[in-house]
Amino acid sequence: MRPALFLCPVLISLLFLLSQMSLSSGCNKALCASDVSKCLLQGLCQCRPLEGNCSCCKECMLCLSSLWEECCDCVGMCNPRSFNDSPATSKSTVEELYHPIPSLFRALTEGETPINMMVVSFPVAEELSHHENLVSFLESLESQSQNFSLPTSISSSSQDALCTVVYFDECVSIRQCKQYCESMGGSKYRWFHNACCQCIGPECLDYGSKDVKCLNCLL
């Protein structure tokens, strides 16, 4: 009976916390419920940063991993001002792909633009100008051996190179975005939180462009 008595308060607390997810307009329960439940059961996301207690924030972020930006609001850890004032197009999730095929990506993006896609090229130096917004998040994940890396210093000749990315016209899920970019031989992908997908080519040294250019997925 003792284990059951011990679990009851934990389960009641968990059910209460999950019920609060429905009260937040920024919480995607369909996407986040499973991972949030796991992190709550491990006691990694139960501090209250809005009340000045952020003792578990780092552990919670690492537990949610790549879902942090989508699900931090479900555990009350998103910056409220940032969340309310920033449109979904200003937020994105990035990830490196394990098996890029540079020759395939180049072949698909050279010449005539593929149907339902937009190919955009810009200087690598412009791409790296966006890097500061990602550094702190990526460094935290990299320290835990996650599938993220930070660009090293580059030569002036590399900065003159072009970064080529592909945008899909239609909105897609983050899982579809990753699959599509893998099938194109991309090196990385960036999935904007309005569901716009960007596949990033081998010449890019960081995570492509922060501009949303999916023709039918701009809001």
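Residues numbered from 1 in each chain as written. Predicted model: local features only at pLDDT ≥ 70, side-chain atom pairs only at ≥ 80, totals over all residues. Heavy atoms only, no water.

1. Observations regarding the packing of aromatic side chains
Inclusion rule: Aromatic rings from Phe, Tyr and Trp, taking only the six-membered ring of Trp, are treated as a pair when their centres fall within 6.5 Å; an angle between ring planes under 30 degrees marks them as stacked, one over 60 as edge-to-face, and anything in between as tilted. The criterion is that NZ of a Lys, or CZ of an Arg, lies within 6 Å of the ring centre and within 35 degrees of the ring normal, and then a charge sits over that ring.
One pass over the full model with this rule turns up one aromatic pair. Its guanidinium or amino end placed over the ring of tyrosine 207, lysine 188 lies 4.8 Å from that ring's centre, counting from NZ or CZ.

2. Digging into the sheet that holds strand E3 (residues 162-168)
Using the following cut-off: Strands were regarded as paired on the criterion that DSSP finds at least two bridges between them. Helical segments are the DSSP runs of H or I of at least four residues, strand segments are the runs of E of at least two, and each set is numbered from the N terminus. Axis geometry follows a simple rule: fit a line to the C-alpha atoms, using only the stretch in contact for helices, then measure angles between N-to-C directions, giving values from 0 to 180 degrees. Contacts are residue-level and defined by heavy atoms, with any inter-residue pair within 4.5 Å sufficient.
Read across the open sheet, the five strands follow the order E1-E4-E5-E3-E2; overall the sheet is antiparallel. Looking at strand neighbours, the two that pair on one side only are strand E1 (92-96) and strand E2 (117-123), the edges of this open sheet. Pairwise comparison of adjacent strand axes, ignoring direction, gives a mean angle of 20 degrees for this sheet. By the bridge criterion, five bridges tie E1 to strand E4 (residues 188-192) in an arrangement that is antiparallel. Directly across from valine 94, in E4, lies its bridge partner arginine 190. On top of the sheet, helix H6 (residues 102-109) reaches E2, E3 and strand E5 (197-200); it is set at about 70 degrees to E3, its chief contact. Its contacts with the sheet put helix H10 (residues 174-183) on E1, E3, E4 and E5, and the angle it makes with E4 is roughly 155 degrees.

3. A look at the pairing of E5
We count it as follows: Buried means the residue's accessible area, taken with a 1.4 Å probe over protein chains only, is under 20% of the maximum for its type, while exposed means over 50%, and partly exposed covers the values in between.
Here E5 shows a buried face lined by Cys197 and Cys199 and a second buried face lined by Gln198 and Ile200. Examined bridge by bridge, E3 and E5 share three bridges and lie antiparallel to one another. Along E5, the bridge assignment pairs valine 166 with cysteine 199. Taken together, the four bridges between E4 and E5 define a ladder with antiparallel strand orientation.

4. As for the state of the cysteines
Let me state the cut-off plainly: Cysteine sulfur atoms that come within 2.5 Å of each other are treated as a disulfide pair.
One pass over the full model with this rule turns up nine disulfides. Two residues share a disulfide in this structure: cysteine 177 and cysteine 197, whose sulfurs sit 2.1 Å from each other. Handedness of the cysteine 177-cysteine 197 disulfide follows from its S-S torsion of about 80 degrees: it is right-handed. Of this pair, cysteine 177 sits in helix H10 while cysteine 197 sits in strand E5, placing them 20 residues apart in sequence. There is no split in this pair, since cysteine 177 and cysteine 197 are both buried. Each disulfide pairs two cysteine sulfurs, and for cysteine 196 the partner residue is cysteine 214, the sulfurs being separated by 1.9 Å. Residues cysteine 196 and cysteine 214 are joined by a disulfide whose S-S torsion is about 75 degrees; by sign, that bridge is right-handed. Residue cysteine 196 is found in the loop between E4 and E5, and its partner cysteine 214 is found in the segment after E5; the two are separated by 18 residues along the sequence.

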